[in-house]
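# Tertiary structure, described
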Amino acid sequence: GAVVSQHPSRVICKSGTSVKIECRSLDFQATTMFWYRQFPKKSLMLMATSNEGSKATYEQGVEKDKFLINHASLTLSTLTVTSAHPEDSSFYICSARTSLNIQYFGAGTRLSVL
Amino acid sequence: QKEVEQDPGPLSVPEGAIVSLNCTYSNSAFQYFMWYRQYSRKGPELLMYTYSSGNKEDGRFTAQVDKSSKYISLFIRDSQPSDSATYLCAMSARGGADGLTFGKGTHLIIQP
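For the structure given in this document, a descriptive report is provided here. Owing to the predicted nature of the structure, the values given are computational and were not obtained by experimental measurement.

Let us look at the nonpolar core. Tyr36(A), Phe105(A), Leu111(A), Tyr36(B), Leu100(B) and Phe102(B) are the most contacted members of the largest nonpolar core, which has 40 residues in total. Element by element, the count of residues in this core is highest for strand β9 (residues 90-97) of chain A, at 5 residues. For Leu111(A), the contacting residues outside a window of four places in its chain are Val11(A), Cys13(A), Val19(A), Val81(A), Asp88(A), Ser89(A), Ser90(A) and Tyr92(A). Within the second largest apolar cluster, 23 residues are counted, among which are Leu47(B), Met48(B), Ile72(B) and Leu74(B).

Below, the discussion takes up the packing of aromatic side chains. Scanning all chains against the criterion turns up 10 aromatic pairs over all chains. Aromatic pair Tyr36(A) and Phe105(A): ring centres 5.4 Å apart, planes at 45°, arrangement tilted. With Tyr36(A) in strand β4 (residues 32-38) and Phe105(A) in strand β10 (residues 103-105), the pair connects residues that are 69 residues apart, well separated along the chain. Consider the rings of Tyr36(B) and Phe102(B), whose centres lie 5.9 Å apart with planes at 50°: the pair is tilted. Of this pair, Tyr36(B) sits in strand β4 (residues 32-38) while Phe102(B) sits in strand β10 (residues 101-102); the two residues are 66 residues apart in sequence, bridging distant segments of the chain. Note on accessibility: Tyr36(B) and Phe102(B) belong to one class, buried. In this structure an aromatic cluster arises from ring pairing among Tyr36(A), Phe105(A), Tyr36(B) and Phe102(B).

Take the sheet that holds strand β7 (residues 67-73) of chain A next. Whether parallel or antiparallel, the strands of a sheet pair through hydrogen bonds between backbone atoms. Residues and elements named next belong to chain A. One open sheet holds the 4 strands; their spatial order is β1-β3-β8-β7, and the pairing between them is antiparallel. The sheet is open, and its two edges are formed by β1 (4-7) and β7, each paired on a single side. For this sheet, the mean angle separating the axes of adjacent strands, direction not counted, is 15°. When β1 meets strand β3 (residues 19-25), the two strands line up antiparallel, connected through 4 bridges. If you follow Ser-5 over to β3, its bridge partner there is Arg-24.

What follows covers the interface of chain A and chain B. Across the boundary between the two partners, chain A contributes 20 residues, which contact 19 residues of chain B. Interface area for chain A against chain B, summed over the two sides, is near 1500 Å², with a carbon-plus-sulfur share of 57%. Across the contact surface, chain A and chain B share 0 salt bridges. Our count for the chain A to chain B interface comes out at 8 residue pairs in polar contact (both at pLDDT 80 or more). Counting only elements with at least two residues in the side of chain A that touches chain B, the list comes to β4, β5 (44-51), β9 and β10 of chain A.

About the thresholds
- Residues numbered from 1 in each chain as written.
- Chains lettered and ligands numbered in written order.
- Predicted model: local features only at pLDDT ≥ 70, side-chain atom pairs only at ≥ 80, totals over all residues.
- Heavy atoms only, no water.
- Core = buried A, V, L, I, M, F, W, Y, C linked by side-chain atoms within 4.5 Å.
- Buried < 20%, exposed > 50% of the residue type's maximum accessible area, 1.4 Å probe, protein only.
- Helix = DSSP H or I, 4+ residues; strand = E, 2+ residues; numbered from the N terminus.
- Contact = heavy atoms within 4.5 Å.
- Phe/Tyr/Trp six-rings, centres within 6.5 Å; stacked < 30°, edge-to-face > 60°.
- Pairing = 2+ DSSP bridges.
- Axes fitted to C-alpha atoms, helices over the stretch in contact; angles between N-to-C directions.
- Buried area = accessible area lost by both parts, 1.4 Å probe.
- Salt bridge = Lys/Arg side-chain N within 4 Å of Asp/Glu carboxyl O.
- Polar contact = N/O pair within 3.5 Å; in protein donor to acceptor, adjacent residues only side chain to side chain.

Structure follows, in structure tokens:
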């Protein structure tokens, strides 16, 4: 299967700081990437759809000014959590869509905001 | 009612048993159905990808979709301890072109 790399795998930050998470498709080009969030014992929840060269589409209830998404190339999308607070602590996972419309996932980033 | 219902388990079975995992859903627009396996603190790994109703087999894994009942299943034959993981069902109307709607995941334990 296709390989998606996500970095960092773990980040601990102070409340009020910003954190950037990178998602890369290593062996294919992805015009569309997705960002999900997973709370303990809960489903993965779609946060936003990231399209290369255009603005991201956010799901209802997700603050676009808090979760900034940039998809500047066909292999890289970034999610920046701005002014992070403890309630933003979660497991963030990206996926990239192949030309066959299959989503492959990164390994996830565990964010802890103190 | 949640869009996708999945029993979180844990489901514990002895090695070699046939495992049956399933999900129900409410959105009749879903056409594409996937099963992902997720190990602790890792991203989901795609196991099966099916379109509409029917069966699909891949090695020890069989996926079944019954759209009339809005019910999907994943069967694992000759289960191994390495199959111990959380199994997530996911679905969408347009395959991977859309964000996926996931179940909560079933935690499966295969006892040696």
